[in-house]
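# Residue-level structure breakdown
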Amino acid sequence: MTALADVERAVRTAAPYALLDTVRAALIKSYGASAVRLHLADYALTVLQPVDVAAHPEEALSLHNSPEGRAFGSQEPHEQLRHEDEVDHLLPVTVRGERLGILTVRLPGDRSTPEAVDDLTQVAELLGHEILVAERDTDLYQRARRVNRLTLAAEMQWNLLPARACTAREYAIGAQLEPAYSIHGDNFDWSAEAGELTLSVTNGMGEGIQASLLTNLVVNALRNARRAGIGIADQASLADQALYEQYRGAASVSTLLLRFDLETGKVDVVDAGSPQLWRQRGKSVERVEFDAQLPLGMFEESDYVAESFRVLPGDRLFFVSDGVYEAVSPRGEVYGDRALARVINATSLLPAAMVPRAVLTELAGHRETETADDALVLCLDWFGRPGDGKG
């Protein structure tokens, strides 16, 4: 067997909590590594946290001004020369666009060949997949991502999410929630099939655990209907019924529900009192308006109707909750449409996975002070398929 195959076999058979130790031992044996470290991005996407149980808090690395942070941002392997003719290889740990962290492997200079870097890049990708599988059976990796303790409401919300990013041939998605450690009502969800992508953005009313419980109910009701093969208008109706049956109109959830046809770029939409959708097409930035329908759960047996629009290759869609466009500065200035359009243009060269964090950082500068309001940003880049947009 080759050295890479030996490492892959060891990682795939490792105990869920022992992935890093297994990778370290295998890379020392097969590649002559003298040090192997793993850092995972925290929930707020501000630092890279060490996974080693014995590591100290001060070993957290900035995502903005450290070599590891730059490798995380570029999603390309980086090299850093060390003393005594050794090289640190900084390797992104990423799964289908979801940026998890950085694997750092120190090799002797004479072992740092392009072939070795290719192998290590594959090891980092494999490690990412194995971490996601291992999280079913251990808290180690989720605990490593935490700078602070999550509130119970935030714990429920993060466990409900599909991921923070996803990349496919036709699209790339990036999303983020703030305040990351105390989010309660905002949420996003998506599911991909061979010919379609279904995406929802929700904003449950209220605060704390009650808002989180409300959002959990509607997201799972939408998933239940979606997994039964039901169209998005009826998904909204069934989720509406589930909410009304539980709360009798005393609580509601604003929801934007979309189904993308991956072949044609046609998008079916149900706007149930929803978060806003903005589109960047070329140099033009505009809000996409829909016929407003009732938020889910307000009345018994509400009917919902889907309408349609079209995305073209090169389009960028922004989904933002009211915690973004209604944010108020200390001087009483609302963030609003102009500021949002400005930051959309300012982030146009960033990949989708990095855009939400950049927008929320700019928003934090506008507010200047901490706020309990949820803020959600989801960015979707549409690439389409050959022929998409014609006719």
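Residues numbered from 1 in each chain as written. Predicted model: local features only at pLDDT ≥ 70, side-chain atom pairs only at ≥ 80, totals over all residues. Heavy atoms only, no water.

It is worth spelling out the overall build of the protein chain at this point. When its secondary structure is counted, the protein chain shows 11 helices and 17 strands. In terms of C-alpha radius of gyration, the protein chain reaches 22 Å, essentially the compact-globule figure of 21 Å for 391 residues. Projected onto the principal axes, the alpha-carbon positions of the protein chain cover approximately 70 × 50 × 40 Å. Within the protein chain, counting contacts between residues at least 6 apart in sequence, those at least 24 apart form 66% of the total. (Helix = DSSP H or I, 4+ residues; strand = E, 2+ residues; numbered from the N terminus. Rg over C-alpha atoms; globule rule 2.2 N^0.38 Å. Contact = heavy atoms within 4.5 Å.)

Before going further, it helps to spend a moment on the nonpolar core. Leu258, Phe260, Phe319, Leu378 and Leu380 are the most contacted members of the largest nonpolar core, which totals 37 residues. Those elements that provide at least two residues to this core are α6 (152–160), β8 (171–178), β9 (186–192), β10 (196–204), β11 (253–261), β12 (266–272), β16 (316–320) and β17 (375–382). Discounting residues that sit within four places of it in the chain, leucine 378 has contacts with Ile173, Gly174, Ala175, Phe188, Trp190, Leu199, Leu317, Phe318 and Phe319. (Core = buried A, V, L, I, M, F, W, Y, C linked by side-chain atoms within 4.5 Å. Buried < 20%, exposed > 50% of the residue type's maximum accessible area, 1.4 Å probe, protein only.)

A separate point is helix α1 (residues 3–12). Within α1, the full set of buried residues consists of Leu4, Val7 and Val11. Burial along α1 is one-sided: seen end-on, the buried residues are contained in an arc of 65 degrees. For α1, the exposed residues set more than 90 degrees away from the buried face come down to Arg9 and Arg12. Among the structural elements, α2 (19–31) and α4 (114–134) are those in contact with the buried residues of α1. (Arc of directions from axis to C-beta.)

With that settled, the discussion passes to the packing of α1 against α4. Where α1 contacts α4, the two axes come as close as 11 Å, and the packing angle between them is 10 degrees. By the angle class used here, α1 and α4 are roughly parallel. The two elements α1 and α4 cross, and the hand of that crossing is right-handed. Contacts from Leu4, Val7, Glu8, Val11 and Arg12 in α1 reach Asp119, Gln122, Val123, Leu126 and Glu130 in α4. A breakdown of the residues in the contact of α1 with α4 according to their chemical character gives 5 nonpolar, 1 polar and 4 charged. (Axes fitted to C-alpha atoms, helices over the stretch in contact; angles between N-to-C directions. Parallel < 35°, antiparallel > 145°, perpendicular 65-115°, else oblique. Left-handed = near helix turned anticlockwise from the far one by under 90°. Nonpolar A, V, L, I, M, F, W, Y, C, P; charged D, E, K, R; others polar.)

A few words now on the packing of helix α7 (residues 208–227) against helix α8 (residues 232–247). Interhelical geometry of α7 versus α8 gives an angle of 140 degrees and a closest axis separation of 8 Å. Between α7 and α8, the angle is such that the two are oblique. Here the hand of the crossing between α7 and α8 comes out right-handed. The segment α7 lies against α8, with Leu213, Leu214, Leu217, Val218, Ala221, Leu222, Ala225 and Arg226 engaging Gln235, Ala236, Leu238, Ala239, Ala242, Leu243, Gln246 and Tyr247. Partitioned by chemical class, the residues of the contact of α7 with α8 number 13 nonpolar, 2 polar and 1 charged.

The next subject is a nonpolar patch on the surface. A contiguous nonpolar patch, built from Leu152, Ile209 and Leu213 and spanning about 260 Å² of accessible area, is present on the exposed surface. Positionally, isoleucine 209 belongs in helix α7. (Patch = residues over 30% accessible without salt bridge, like charges linked within 9 Å, V, L, I, M, F, W, Y side chains within 5 Å. Areas by Shrake-Rupley, 256 points an atom, 1.4 Å probe, with all protein chains shown as cover. Salt bridge = Lys/Arg side-chain N within 4 Å of Asp/Glu carboxyl O.)

Under the definition given, this model contains 5 aromatic pairs. Ring geometry for phenylalanine 188 and tryptophan 190: centres 5.6 Å apart, planes at 15 degrees, overall stacked. What makes tryptophan 190 buried here is its relative accessible area of 10%. Here the aromatic rings of phenylalanine 290 and phenylalanine 309 are separated by 5.6 Å at their centres, their planes lie at 50 degrees, and the arrangement is tilted. Linking phenylalanine 290 in the loop between β14 (284–287) and β15 (307–310) with phenylalanine 309 in strand β15, this pair joins segments that are 19 residues apart in sequence. (Phe/Tyr/Trp six-rings, centres within 6.5 Å; stacked < 30°, edge-to-face > 60°.)

So, about α6. Looking only at α6, the buried set comprises Ala153, Ala154, Gln157, Trp158 and Leu160. On an axial view of α6, the arc spanned by its buried residues comes to 160 degrees, and they lie on one face. Buried-residue contacts for α6 involve β8, β9 and α7.

Everything listed here is a matter of coordinates, which is why it stays silent on function.
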